[in-house]
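Breakdown of the fold
Residues per chain, in single letters:
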Amino acid sequence: MRDSQPMIANKLELSPCAVSVLGQLFVEGPTSDDNITSKAGRCDLVSAGLAFHEAGLSSLTPDGVRLAREWDLCSLYARRDRRWYLKVRAIARPQGAAVSHSESGAAVR
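Summary of the structure given here.

1. Things to note about the pattern of salt bridges
What the rule picks out here adds up to four salt bridges. Connected via shared salt-bridge partners are Glu-28, Asp-81 and Arg-83.

2. A few points about the pairing of strand β2 (residues 51-54)
The two faces of the sheet receive side chains in turn, since in a regular strand these alternate between them. Here β2 runs beside strand β3 (residues 57-60); their pairing, made up of four bridges, is antiparallel. Looking across to β3, one finds that His-53 is bridged to Ser-58. The antiparallel hairpin formed by β2 and β3 contains two residues in its connecting segment, where Ala-55 sits at a positive phi of about 50 degrees.

3. Examining the packing of aromatic side chains
Inspection of every chain in the model, using the stated rule, returns two aromatic pairs. Considering the side-chain rings of Trp-71 and Trp-84, the 5.2 Å spacing of their centres and the 50 degrees angle between planes classify their relative orientation as tilted. With Trp-71 in the loop between α3 (62-69) and α4 (73-78) and Trp-84 in helix α5 (residues 83-92), this pair connects stretches of sequence that are 13 residues apart. Neither Trp-71 nor Trp-84 differs from the other in exposure class; each is buried. Ring geometry for Tyr-77 against Tyr-85: centres 4.9 Å apart, planes inclined by 70 degrees, an arrangement best described as edge-to-face. Among the residues examined, Tyr-85 registers a relative accessible area of 5% and is labelled buried. Seen from the ring of Tyr-77, Arg-82 lies directly overhead, with NZ or CZ sitting 3.9 Å from the centre. A cation over an aromatic ring shows up here: Lys-87 above the ring of Phe-26, its NZ or CZ 4.6 Å from the ring centre.

Definitions and cut-offs
Residues numbered from 1 in each chain as written. Predicted model: local features only at pLDDT ≥ 70, side-chain atom pairs only at ≥ 80, totals over all residues. Heavy atoms only, no water. Salt bridge = Lys/Arg side-chain N within 4 Å of Asp/Glu carboxyl O. Pairing = 2+ DSSP bridges. Helix = DSSP H or I, 4+ residues; strand = E, 2+ residues; numbered from the N terminus. Phe/Tyr/Trp six-rings, centres within 6.5 Å; stacked < 30°, edge-to-face > 60°. Buried < 20%, exposed > 50% of the residue type's maximum accessible area, 1.4 Å probe, protein only. Lys NZ or Arg CZ within 6 Å of the ring centre and 35° of its normal.

This is the structure we're talking about:
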């Protein structure tokens, strides 16, 4: 993270509901009120400056995207829904890079 721009919140300050919504918005993008996993979690993210809510849709701010991308891969892998983990891995790994057997379910290429 850049020193000139302080992080508005960090992962230690987020409730479990907020972490769930952070992952949802990172993976799914703008999400309607009807499909948000936790309205309380969304409110926590909005208060922390990590998301915004407008016209019935919620989405991450640039700080929210940055926090989601920098989340610890081990804790993401341990989550039941691994879409967040897979998206961060896809962003971090150059195309054609090796994938371990445990991550892909297939042999390492």
